[in-house]
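Summary of structural features
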Amino acid sequence: MKLAIIGGTGLANMEGLEVVRREVVHTPFGEPSAPLTHGRLEGAEVVFLPRHGSGHTIPPHQINYRANMWAIRHAGVDWVIAVAATGGIREDMGPGVVAIPDQIIDYTWGRDHTFYEHDLTHVTHVDFTDPYCEALRQGLIQAGRAAGIGLVEDGAYGVTQGPRLETAKEIERLKRDGCDLVGMTAMPEAGLARELDLCYATCSVVANWAAGLSGEAITMQGIRHNLEEGMLKVEALIRRLLGDLTK
Ligand code: HPA
């Protein structure tokens, strides 16, 4: 079993990863965000890819999600943990919280979002009723419980286009729609993972209250501060999961 970690904002590299090699991958869909880092973490074989590039320069709407997921699949990966910074909407999703969402609502547009569009012999519709891999979600939840890392174990992730943050009314609408978190990268990433039959789950770190919910402006400085705390929890969670798997 090989696992990939897609690092989001606040997680440009994985603490404790023993790097074995870096691999520049060219895919039929173009270049991934960065070379793949192959290494070992807690005795497990791991591939790490920073979603926004090595220097955090690629905004959410310009990420080549197809190249990223194709490269990960090509590396022989079965499981993918996607780390993502989000804004919190539900009352229990305050800054610093780590959540393992179980649903997605997609508000993105204009992104290359499928592998099924050229040279088709038949039209394919993948089942996406449950967008996340429940086995991996449960693995993360159990690891969190075992390590005493408080997690929110569910949540609907609303995916906006970005890179701007939302208006207060947009967040009110997302809330009415049933979104508990808001971020910019879960789609098309999760959909492409399903098309490639990858077992994919998200570890979301809440960086801020979503627009209009705290009465304060959302600043990059505040986001960075809250992510630091949350990413330490995510790293501990992933190490625990891998340690348990390789025991
Ligand atoms: N909205 C969308 N994406 C985000 C946010 C937010 O408030 N915070 C971090 N990523």
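Before reading on, note that the structure itself is shown above.
Residues numbered from 1 in each chain as written. Predicted model: local features only at pLDDT ≥ 70, side-chain atom pairs only at ≥ 80, totals over all residues. Heavy atoms only, no water.

Brief notes about a nonpolar patch on the surface
- Residues Tyr-116, Leu-120, Val-123 and Val-126 make up a contiguous nonpolar surface patch of roughly 320 Å² in combined accessible area.
- As for its placement among the helices and strands, Val-123 is situated in the loop between strand S7 (103-106) and helix H2 (134-146).
- Residue classification places Val-123 among the exposed positions, given a relative accessible area of 61%. (Patch = residues over 30% accessible without salt bridge, like charges linked within 9 Å, V, L, I, M, F, W, Y side chains within 5 Å. Areas by Shrake-Rupley, 256 points an atom, 1.4 Å probe, with all protein chains shown as cover. Salt bridge = Lys/Arg side-chain N within 4 Å of Asp/Glu carboxyl O. Helix = DSSP H or I, 4+ residues; strand = E, 2+ residues; numbered from the N terminus. Buried < 20%, exposed > 50% of the residue type's maximum accessible area, 1.4 Å probe, protein only.)

Some words on the state of the cysteines
- Scanning the entire structure with this criterion turns up one disulfide.
- Not engaged in a disulfide, the cysteine Cys-179 finds its nearest cysteine sulfur in Cys-203; these two sulfurs lie 19 Å apart.
- Not engaged in a disulfide, the cysteine Cys-203 finds its nearest cysteine sulfur in Cys-199; these two sulfurs lie 13 Å apart.
- Classification of Cys-203 as buried rests on a relative accessible area of 0%. (Disulfide = S-S within 2.5 Å.)

Considering helix H1 (residues 65-74)
- A large share of H1 lies buried, amounting to seven of its ten residues.
- Considered for burial, the residues of H1 that qualify are Tyr-65, Arg-66, Ala-67, Asn-68, Met-69, Ala-71 and Ile-72.
- Where H1 is buried, its residues contact strand S1 (3-7), strand S3 (36-41), strand S4 (44-50), strand S5 (79-88), helix H4 (186-195) and strand S11 (199-209).
- Note on H1: the residue one or two positions beyond its end, Gly-76, has a positive phi of about 80 degrees. (Contact = heavy atoms within 4.5 Å.)

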